Amino acid sequence: RISVASDNLGRVRIAGGYNPYDFSWTLKPGETLDTPVFYAGYSGEGLGGASRTFHQFEVAHILPHGTKARLRPVLYNSWEATAFDVTEAGQMALAEKAAKIGVERFVVDDGWFGARNSDKAGLGDWTVNPTKFPNGLKPLIDQVKGLGMDFGLWVEPEMVNVDSDLYRAHPDWVLNFPGRPRTEGRNQLVLNLARTEVRDHLLSVLDKLVSENDIAFLKWDYNRNWTEAGWPEQPVADQQRVYVEYVRNLYYILSELRRRHPKLEIEACSGGGGRVDLGIIGLTDEVWPSDNTDPADRLTIQDGFTRAYPVAVMMAWVTDSPNWANTRVTSLDYRFLSSMQGGLGIGANLDKWGDADFATARKWVAAYKTIRETVQRGALYRLESPTGDNATAATLYVGQDKRQAVLFQMLHSSMWRDNPAAIHAQGLDPARVYAVRMLDGSARPAGVPAQASGAYWMNRGLRAPLKGDYVGAAFVFEATN
């Protein structure tokens, strides 16, 4: 927990450490307890400067592989297309369609394992469903790799359904208080990962899964909060250690999986963004900020996320319209422009797309790959926030060498007399000349010169004459000298 308070003289005090709620730890003779690491920084350039400084620190010193980490590949996830109706043939058909638009990683979501035909059974049984995949995962993986993509799977190792072989064998392995109901959330219970035998079992089954299949990526989900957080096998005085020992063992599993499989990449996902912190980011390659994939809502979510965490780990998906979260209808162009401001993923049902949709997606995926490094590793300037009364949101990403920059301007809605002000770039080299082009290959708006100095773009700016609801534009600045 981090607490920030100001006293009556205006002095600010910050304290960080273990959350004391329902927690105690009595040190035994010779025992040590490390508190969580507390990171703090300062910038004289306001919130934007502090954010960019923190991004640089996190990428260099927190993320696995640091500045040498792989850029996030363009990902496709099967959930919205198939939900639990996962079959070998259906996933193969989706993989072929994903490859055609330039996807680099194909991920099979929930429904591939155990007796998993709904969310009521199968969690905990991390073996391939023999009915859905009679020959195991190998035929699908071979096809995916033959199409030029690597392969990933969804897992939720910390959870268990009561209707599962694991729970029937080990009902004592879940968090519980004797004599109290075991409250289910999403039809599942939480395994007590603080127990060494639970930790070792999960590591064993995941290691076996990755060892026996050519799996490049795990989407590691965690979809409910704790209830009845008891550890009855421990003495009463030590039962509250469950909070620390659980996380220690989670980190151990992630670390050991990475050690045994150095090329394996992992996404931290937790009912949306419920587990985003520097502890988990230090052991995973990307994180899932929110289950809300509406492209307009995501602009606000991404704006908040990137105040603390780097774009390098932020995944953003193009999903279906109307969006499941709020039924908002948006164009495929707008959805791509929103998602291209992070690690680009696609979660739409490709089985429902027409030729025009595939053409649009191919265009944007190809365009994204030309700016990916700048977006994921560049300096982020939030020029206009998507919150408050702003009709537009604008973000600028400037490459590390300042030779490329990308400006996204997103219009929420417009009135008849609206005349949006010019957007002023930041962070460019004022002495360099930058040519500007539209990311989608369209003609530049009237009044936007083909090239000008960095000083011009920062002081004079440019206008994107956007009209309508939920429309956007992306400008690419490239140094000519």
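Just so we're clear, the structure is a prediction, and the values are computed from it rather than from any experiment.

### Details of the overall build of the chain
What the chain contains, in helices and strands, is twelve helices and 18 strands. The C-alpha radius of gyration of the chain comes to 24 Å, within 12% of the 23 Å expected for a compact globule of 481 residues. Each principal axis of the C-alpha atoms in the chain carries an extent, and together these give about 70 × 65 × 40 Å. Counting all 481 residues of the chain, 52% fall into the buried class. For the chain, the proportion of contacts with a sequence separation of at least 24, taken over those separated by at least 6, is 70%.

### Some thoughts on the packing of helix α9 (residues 295-308) against helix α10 (residues 332-339)
Direction vectors running N to C along α9 and α10 enclose 10°, while the axes themselves pass 9 Å from each other. Regarding the angle of α9 to α10, the classification is roughly parallel. The handedness of the crossing between α9 and α10 comes out as left-handed. Residues Pro 295, Ala 296, Arg 298, Leu 299 and Gln 302 of α9 form the contact with α10, whose participating residues are Tyr 334, Arg 335 and Ser 338. A breakdown of the residues in the contact of α9 with α10 according to their chemical character gives four nonpolar, two polar and two charged.

### Observations regarding the nonpolar core
In terms of nonpolar packing, the biggest core is built from 104 residues, with Trp 112, Ile 281, Phe 336 and Ile 346 touching the most fellow members. Ranked by residues supplied to this core, first place goes to helix α11 (residues 355-377) with eight residues. Ignoring any residue separated from it by four or fewer positions in sequence, one finds Ile 346 in contact with Val 74, Leu 75, Tyr 76, Asn 77, Ile 101, Val 103, Trp 317, Val 318, Phe 336, Trp 353 and Val 365. Among the nonpolar cores identified, the runner-up in size contains 24 residues, and Leu 411, Val 436, Val 448 and Phe 477 belong to it.

### Quick notes on the packing of aromatic side chains
Using the criterion set out here, one finds 19 aromatic pairs in the structure. Arranged with centres 4.4 Å apart and planes meeting at 45°, the rings of Trp 288 and Trp 317 form a pair that is tilted. Linking Trp 288 in the loop between β10 (286-287) and α9 with Trp 317 in strand β11 (residues 315-318), this pair joins segments that are 29 residues apart in sequence. Pairing Tyr 397 with Phe 408 gives two aromatic rings, centres 6.0 Å apart and planes at 90°, and the pair type is edge-to-face.

### Section: the pairing of strand β16 (residues 433-438)
The alternating pattern of β16 places Tyr 434, Val 436 and Met 438 on a buried face and Val 433, Ala 435 and Arg 437 on a face that is not buried. As judged from the three bridges shared by β16 and strand β17 (residues 451-453), these two strands associate in the antiparallel manner. Note that in β17 the partner of Ala 435 across the bridge is Gln 451. Two strands pair when backbone bridges link them, and β16 and strand β18 (residues 471-479) are joined in this way by five bridges, in the antiparallel orientation. Bridge pairing in β18 links Tyr 434 to Ala 479.

### A word on the sheet that holds strand β4 (residues 105-108)
Strand order in the open sheet formed by eight strands is β10-β9-β8-β5-β4-β3-β12-β11, with parallel pairing between adjacent strands. The strands lining the two open edges of the sheet, one partner per strand, are β10 and β11. Pairing of strand β3 (residues 75-77) with strand β12 (residues 343-346), which is carried by two bridges, proceeds in the parallel orientation. Across the sheet, Tyr 76 pairs through a bridge with Ile 346, a residue of β12.

### Overview of the sheet that holds strand β14 (residues 392-398)
One open sheet accounts for six strands, arranged β13-β14-β15-β18-β16-β17; its pairing is antiparallel. Each edge of the open sheet is held by one strand with a lone partner, namely β13 (379-384) and β17. Shown here is a sheet whose adjacent strand axes are inclined to one another by a mean of 25°, direction ignored. As paired elements, strand β15 (residues 404-411) and β18 share eight bridges and run antiparallel to each other. Looking at the pairing, Gln 404 lines up with Glu 478 of β18. Contacts from α11 reach β13, β14, β15, β16 and β18, with the element oriented near 80° to β15.

Parameters at a glance
- Residues numbered from 1 in each chain as written.
- Predicted model: local features only at pLDDT ≥ 70, side-chain atom pairs only at ≥ 80, totals over all residues.
- Heavy atoms only, no water.
- Helix = DSSP H or I, 4+ residues; strand = E, 2+ residues; numbered from the N terminus.
- Rg over C-alpha atoms; globule rule 2.2 N^0.38 Å.
- Buried < 20%, exposed > 50% of the residue type's maximum accessible area, 1.4 Å probe, protein only.
- Contact = heavy atoms within 4.5 Å.
- Axes fitted to C-alpha atoms, helices over the stretch in contact; angles between N-to-C directions.
- Parallel < 35°, antiparallel > 145°, perpendicular 65-115°, else oblique.
- Left-handed = near helix turned anticlockwise from the far one by under 90°.
- Nonpolar A, V, L, I, M, F, W, Y, C, P; charged D, E, K, R; others polar.
- Core = buried A, V, L, I, M, F, W, Y, C linked by side-chain atoms within 4.5 Å.
- Phe/Tyr/Trp six-rings, centres within 6.5 Å; stacked < 30°, edge-to-face > 60°.
- Pairing = 2+ DSSP bridges.

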